[in-house]
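Given next are the chains, with one letter for each unit.
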There are 4 protein chains.
Amino acid sequence: MPRLAYLGPEGTFTEEALRLLEPDAERLPCANVTAALNAARGGEADGAVVPLENSLEGAITTTLDEFAWGEPLLITAELLLPVRFSLLARPGTELPHIKRVYTHPAAITQCRAYVARELPDAVVVSAPSTAAAAQEVALPGSPYDAAIAARIAGEHYGLVELAGDIGDRSDTVTRFVRVSRPGPLPEPTGSDRTTLVVFLADDHPGALLEMLTEFSVRGVNLSRIESRPTGDGIGRYFFHFDFEGHVADARVGEAIAGLHRICGEVRFLGSYPRADGVAPQIKRGTADGEFAEAGEWLARVRAGQV
Amino acid sequence: MPRLAYLGPEGTFTEEALRLLEPDAERLPCANVTAALNAARGGEADGAVVPLENSLEGAITTTLDEFAWGEPLLITAELLLPVRFSLLARPGTELPHIKRVYTHPAAITQCRAYVARELPDAVVVSAPSTAAAAQEVALPGSPYDAAIAARIAGEHYGLVELAGDIGDRSDTVTRFVRVSRPGPLPEPTGSDRTTLVVFLADDHPGALLEMLTEFSVRGVNLSRIESRPTGDGIGRYFFHFDFEGHVADARVGEAIAGLHRICGEVRFLGSYPRADGVAPQIKRGTADGEFAEAGEWLARVRAGQV
Amino acid sequence: MPRLAYLGPEGTFTEEALRLLEPDAERLPCANVTAALNAARGGEADGAVVPLENSLEGAITTTLDEFAWGEPLLITAELLLPVRFSLLARPGTELPHIKRVYTHPAAITQCRAYVARELPDAVVVSAPSTAAAAQEVALPGSPYDAAIAARIAGEHYGLVELAGDIGDRSDTVTRFVRVSRPGPLPEPTGSDRTTLVVFLADDHPGALLEMLTEFSVRGVNLSRIESRPTGDGIGRYFFHFDFEGHVADARVGEAIAGLHRICGEVRFLGSYPRADGVAPQIKRGTADGEFAEAGEWLARVRAGQV
Amino acid sequence: MPRLAYLGPEGTFTEEALRLLEPDAERLPCANVTAALNAARGGEADGAVVPLENSLEGAITTTLDEFAWGEPLLITAELLLPVRFSLLARPGTELPHIKRVYTHPAAITQCRAYVARELPDAVVVSAPSTAAAAQEVALPGSPYDAAIAARIAGEHYGLVELAGDIGDRSDTVTRFVRVSRPGPLPEPTGSDRTTLVVFLADDHPGALLEMLTEFSVRGVNLSRIESRPTGDGIGRYFFHFDFEGHVADARVGEAIAGLHRICGEVRFLGSYPRADGVAPQIKRGTADGEFAEAGEWLARVRAGQV
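Conventions adopted
- Residues numbered from 1 in each chain as written.
- Chains lettered and ligands numbered in written order.
- Predicted model: local features only at pLDDT ≥ 70, side-chain atom pairs only at ≥ 80, totals over all residues.
- Least-squares fit on C-alpha atoms with pLDDT ≥ 70 in both.
- Contact = placed C-beta atoms within 7 Å.
- Pairing = 2+ DSSP bridges.
- Helix = DSSP H or I, 4+ residues; strand = E, 2+ residues; numbered from the N terminus.
- Axes fitted to C-alpha atoms, helices over the stretch in contact; angles between N-to-C directions.
- UniProt positions renumbered as here; feature names shortened; annotations may be inferred.
- Core = buried A, V, L, I, M, F, W, Y, C linked by C-beta atoms within 7 Å.
- Buried ≥ 20, exposed ≤ 12 C-beta atoms within 10 Å, placed from the backbone.
- Nonpolar A, V, L, I, M, F, W, Y, C, P; charged D, E, K, R; others polar.
- Arc of directions from axis to C-beta.
- Domains from an automatic or database assignment.
- Parallel < 35°, antiparallel > 145°, perpendicular 65-115°, else oblique.
- Left-handed = near helix turned anticlockwise from the far one by under 90°.

Let us look at the relation of the copies chain D and chain A. Each of the two copies of the chain can be brought onto the other by a rotation about an axis and a shift along it. When chain D is fitted to chain A, the residual RMSD is 0.0 Å, and the transformation amounts to a turn of 180 degrees plus an axial shift of 0.0 Å. Such values leave the two copies arranged in the relation of a two-fold axis. For chain D, the residue whose C-alpha comes nearest the rotation axis is Val217(D), separated from it by 3.9 Å. When the interface residues of chain D are mapped onto chain A, 100% of them again lie at the interface, so the same face is used by both copies.

Time to look at the arrangement of the chains. Here chain A and chain C are not in contact; the least distance found between their C-alpha atoms is 13 Å. A gap remains between chain B and chain D, with no contact made and the closest C-alpha atoms lying 13 Å from each other.

In this section: the sheet that holds strand E13 (residues 222–229) of chain B. Residues and elements named next belong to chain B. What the 4 strands build is an open sheet, ordered E13-E14-E12-E15; its pairing is antiparallel. If you trace the sheet from one side to the other, it starts and ends with E13 and strand E15 (265–273), each paired once. Strand-to-strand twist of the sheet, defined as the mean angle between neighbouring strand axes without regard to direction, takes the value 15 degrees. In terms of strand pairing, E13 meets strand E14 (residues 237–244) through 7 bridges, oriented antiparallel. By the bridge assignment for E14, Ile225 is matched with Phe241.

This brings us to the interface of chain D and chain A. Taken together, the contact pairs 32 residues of chain D with 32 residues of chain A. Only helix H8 (207–216), helix H9 (250–262) and helix H10 (288–302) of chain D provide two or more residues apiece to the side of chain D that touches chain A. Ranked by the residues each element gives to the side of chain D that touches chain A, the list is headed by H10(D), at 8 residues.

This brings us to the UniProt feature "domain: Prephenate dehydratase" (unreviewed entry) in chain A. The sites that carry the UniProt feature "domain: Prephenate dehydratase" (unreviewed entry) are, in the present numbering, residues 3–181 of chain A. What you have in residues 3–181 of chain A is 31% helix and 32% strand, and the ends, taken at the C-alpha atoms, are 13 Å apart.

Residues Ala48(A) and Ala48(B) are the most contacted members of the largest nonpolar core, which totals 188 residues. Ala48(A) has contacts with Leu4(A), Ala5(A), Tyr6(A), Ala36(A), Leu37(A), Ala39(A), Ala40(A) and Val179(A), leaving out every residue within four places of it along the chain. Counting residues in hydrophobic clusters, the runner-up holds 186 residues, among them Val198(C), Leu208(C), Ala149(D) and Phe239(D).

Strand pairing in a sheet relies on backbone hydrogen bonds. The paired strands run either parallel or antiparallel. All names here are of chain B. An order of E8-E7-E9-E6-E10 is seen for the 5 strands of this open sheet, with the pairing classed as mixed. Of all strands in the sheet, those with a lone pairing partner are strand E8 (123–126) and strand E10 (160–163), marking the two edges. Between one strand axis and the next, the sheet turns through 35 degrees on average, direction left out of account. Looking at chain direction, strand E6 (residues 86–89) and E10 are connected through 3 bridges and run antiparallel.

Interfaces are often described in size by the accessible area the parts lose on coming together. The interface of chain C with chain D comprises 28 residues on the first partner and 27 residues on the second. Ranked by residues supplied to the side of chain C that touches chain D, first place goes to strand E13 (residues 222–229) of chain C with 8 residues. Class assignment of the residues belonging to the side of chain C that touches chain D gives a composition of 11 nonpolar, 11 polar and 6 charged.

Residues and elements named next belong to chain A. According to UniProt, the positions carrying the feature "site: Essential for prephenate dehydratase activity" (unreviewed entry) are Thr174. With respect to the helices and strands, the residue Thr174 is situated in strand E11 (residues 173–180). Those residues in contact with Thr174, other than ones at most four positions away along the chain, are Phe13, Pro51, Asn54, Leu81 and Val83.

Right, let's get into H8(D). Among the 10 residues that make up H8(D), 7 are buried, leaving the element largely enclosed by the rest of the structure. Along H8(D), the residues classified as buried are Leu208(D), Met211(D), Leu212(D), Thr213(D), Glu214(D), Phe215(D) and Ser216(D).

This paragraph deals with the relation of the copies chain C and chain D. Mapping chain C onto chain D is achieved by rotating through 180 degrees and translating by 0.1 Å along the same axis, at an RMSD of 0.1 Å. A symmetric contact is evident, with 96% of the interface residues of chain C recurring at the interface of chain D.

In this section: unusual backbone geometry. The linkage connecting Gly8(C) with the following residue, Pro9(C), adopts the cis geometry, with an omega of 5 degrees. As for its placement among the helices and strands, Pro9(C) is situated in the loop between strand E1 (3–7) and helix H1 (13–21). The phi dihedral of Asp165(A) is positive, around 55 degrees, even though this residue is not glycine. Structurally, Asp165(A) can be placed in the loop between strand E10 (160–163) and E11.

Another point: helix H2 (residues 33–42) of chain B. Residue and element names in this part refer to chain B. What H2 keeps buried is the set Val33, Ala36, Leu37, Ala39 and Ala40. One side of H2 holds all its buried residues, which, seen down the axis, span an arc of 150 degrees. Tucked inside the fold, the buried residues of H2 contact strand E1 (3–7), strand E2 (26–30), strand E3 (47–54), helix H3 (61–69) and strand E11 (173–180). Looking one or two places after H2, you find Gly43, whose phi comes out positive at around 95 degrees.

Glancing now at the domain arrangement of chain A. Per the domain assignment, the segments of chain A are domain 1 (1–82 + 174–183), domain 2 (86–163) and domain 3 (184–306). The C-alpha-based centres of domain 2 of chain A and domain 3 of chain A are spaced at 45 Å.

Looking now at the environment of Leu20(A). Checked against the element boundaries, Leu20(A) lands in helix H1 (residues 13–21). When the 13 C-beta atoms within 10 Å are taken as the criterion, Leu20(A) is described as partly exposed.

The next subject is the packing of helix H10 (residues 288–302) of chain B against helix H9 (residues 250–262) of chain C. Two measures define how a pair of helices packs: the angle their axes make with one another and the distance between the axes. Relative to each other, H10(B) and H9(C) sit at 125 degrees, their axes nearing to 9 Å. Looking at the two axes, H10(B) sits oblique to H9(C). Two packed elements cross with a definite hand, and for H10(B) against H9(C) that hand is right-handed. The segment H10(B) lies against H9(C), with Glu290(B), Phe291(B), Ala294(B), Gly295(B), Trp297(B) and Leu298(B) engaging Gly253(C), Ile256(C), Ala257(C), His260(C) and Arg261(C).

Encoded structure:
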């Protein structure tokens, strides 16, 4: 039974993601993303589950920066978790009683319409996390009447769900990843994703275009690009890339070897099955068999067998 | 005397930026970036000053998203402000007395070495902003002995600077912009920057490469790219671009008209003098005179005068 | 009634092309391509018809070089003429009598199978042109029994067609163009072609890729590229391009103005209706209306109306 | 002592090239390029020397088409031969006697100024080749008084050089290649050239740009591109490419394997030392060592050793 660290406390969306990814794992809640990743790095846990990006809020920059700068880890799985907020209260509390609501600022933003409609007179106060809000509301003497949090937080802290799925949008999603210490990669499945961090060798005009060309010329489709500051002043960035395919695929391998040649540093963050199961469109001439055939042809040419 | 809204409260780095950009402006502190921009949008202020990115923390995503989705505003100036943290205390407090320090989490991260060395026994507590921390510390009965904040915050709240420039890195910089309601653009200076937001028409493979090619083929150099989620699910992004030159420049105009043709929506966020005063290298064939000459040649060709 | 010079003598495939292009024109046969073009340049004729390329032999390099270096002319029409060879003899000659055949080397190559099968014992001798061969065979004392030439040559010189369409391939085609002195261009038809000559400014690596990018970024499809030596040593070339569209089209105009900016010299050779009548696929964002709309948007942006 | 076929008859520029390339070879003059290449193919000769292009006339299309369509041969050497025309006559002939000059049309064009100045009253008649002209002039009863040909033709046929280097341009050059039946390639020298023929898989817009990108992305510089008709109608072409480097170079190998994957057919025509001895500028990231290092990095990544 693996032991997995995650962004705690108990009752976070991350815990929900972990339970879906690894129902049988032992769970180790950590205070923040760095602590969860360090637990995996140091061996206290066998791996970790952390959020990478959210369809409304964007990248979780702490995660990106940890992956770029910290001790190496490999992503071995991803999960897309719909973000469903519940209104949670101590047993016995009813909707009309609720005057003070406690939750994370992102939830405040994302549940604005529900609160305005159903709790027009309530004051909403910022909490460090939705799970922490639920934890606080569960205390008998809490100044707050309700929390907005994941349903799982209610289960943990003994709160009742007064309303479910109260977000303004029903399609908000957070992408979580499971990471492990470096080791054998997940096998290619035909529907894989690869994640990289790339530091430029020198920040010349056209450097980004050159990087993208290394992908496009081998028919590798990008699915995400994020720029992050290197810390060396405004205008100096490094890049996170997600793209279709597994590093074991010939086209992916040649593309990232190309990046490795022209860039300052390429850090491989993993190849793993796509959560959406979509298989990539493989452009003519870029399938593994075509790479193999071309390699054999090249060998013959080099031997003068034309 | 213009009236400018800014990210308050008094004593923030944003106030410092505003004072450098517009020493004589009347200053209107606002609770957050959105409020400051809304003050400018609504006419309560003539403009606003807000942070756009930091060389350690990266983009200020609230600012990016406000520029992309909110009522249009134009950037008319930028400023690069070195981030210098001061240790501020009530008069009479001395270094050995300091047991509890209050500041924003970013300052906690960035002043880690100083605190470990000079205040090894102090507890550091998170505040909503560095200026709010100073404001709190200035209260006679505050539970905190010192704040880490901008020197300007000490001046505002009557605190004494016990130590200056206590950040671990001396080269951290925040980029601020001044925005106004739409109107005549700043004149080109020969050292300008232009900022855009671009939404894809359809998210096909190679869409980003196509956008970058619209710039590169006209010799326009990108200086920043940020992807942000559209809100419509993981894998759907829009882009912020900064690039060299002024929209009045022929090469810039043709490039962004090209983007406008192939993309879903292009939102122009302004052309304004670069804070660093660097003039771009203009690639052969892309100067205004060369565009004008080519236009005359084309007119002759179309008239059959070859 | 226009007077058109052409590559003579009477009875050439070029005459056939001219008659199809301009049935009512007065025809002025000339000794070679240069003479025909000079007749048009000097005013002796109103224009000229010359071959540009053949689907088996390739470019007619004299024509390419005349267009590149000579006094400017504009292509105003093109024609694709199937090349059909006939075996022509003096009246009374029958197939078994034919011992000596006279024709141009290209016809020798292209009618090899027929001659081997039907005239296995005949000697085939090289003539300067197929029409000259027919002219010679028509002389009563000619040492030759038959010519291979265009049927039209038989009509001119009083020869009888013993066999028609005797080429090994039935799909050989020659492309002819009609040229005029510079003047108003043919109107766009929606199915046009444009021809250019481009001299590089400096022959750096990637120069050709840059030129092709000027086309591709505006959705202009090339249909032909020919390199020709500049005369300044091996490795120095200039280029002929044919591409879809009319110079009056916005995308074509912007593309060739781009070439004009980055190249040493661009010589426009004309925009004219395509002989095959095929309308181009217009890539999203590159239609005239989209260019116009983008231009209006850019004007508003430059005026600060966002 | 190798036996080399060449484009004859004796006294051609090709013979001169052969003697410079292989001073000790036995020489087998052939009637035309095809015959010379067939002698090499069939084993009658160990190889052949043929012209490939001329700095004024351009490509020798027969050679290009033989290389593309005929039984495979490999280029093993190249030579750049300055084209120097001599005025050659039978012993005893003096300049004022010369009334009829015999030579190849290309020589007529290239010696126009000399003839106009020194032989203003002479008639110049077209010959099948310069060497054939010299051969004819050497006959006692020849109707011609002089030939314009290579000096070597005078030596062969016993003619006297009345004037040397009489071309209008002194810098005209012909590029010759030596070919052999397929076998081990010449070793890389650091200053090599590679020649290919490429047939498109399907003639879609942008196909040429894609091919050039396969080269440019690996830092391989093209030095020549020629389009030739496939024979299947106007608008259908295949391509000859010359580029810097040897197929044993990693960057060249990967580039042509890329072409092989995306194109219909790639025919390798050889890697051989450049006649000019110029070493290529190797772009950052494309040296053999950098490819090897990237390959090792990729192997580690695939093994999960990050």
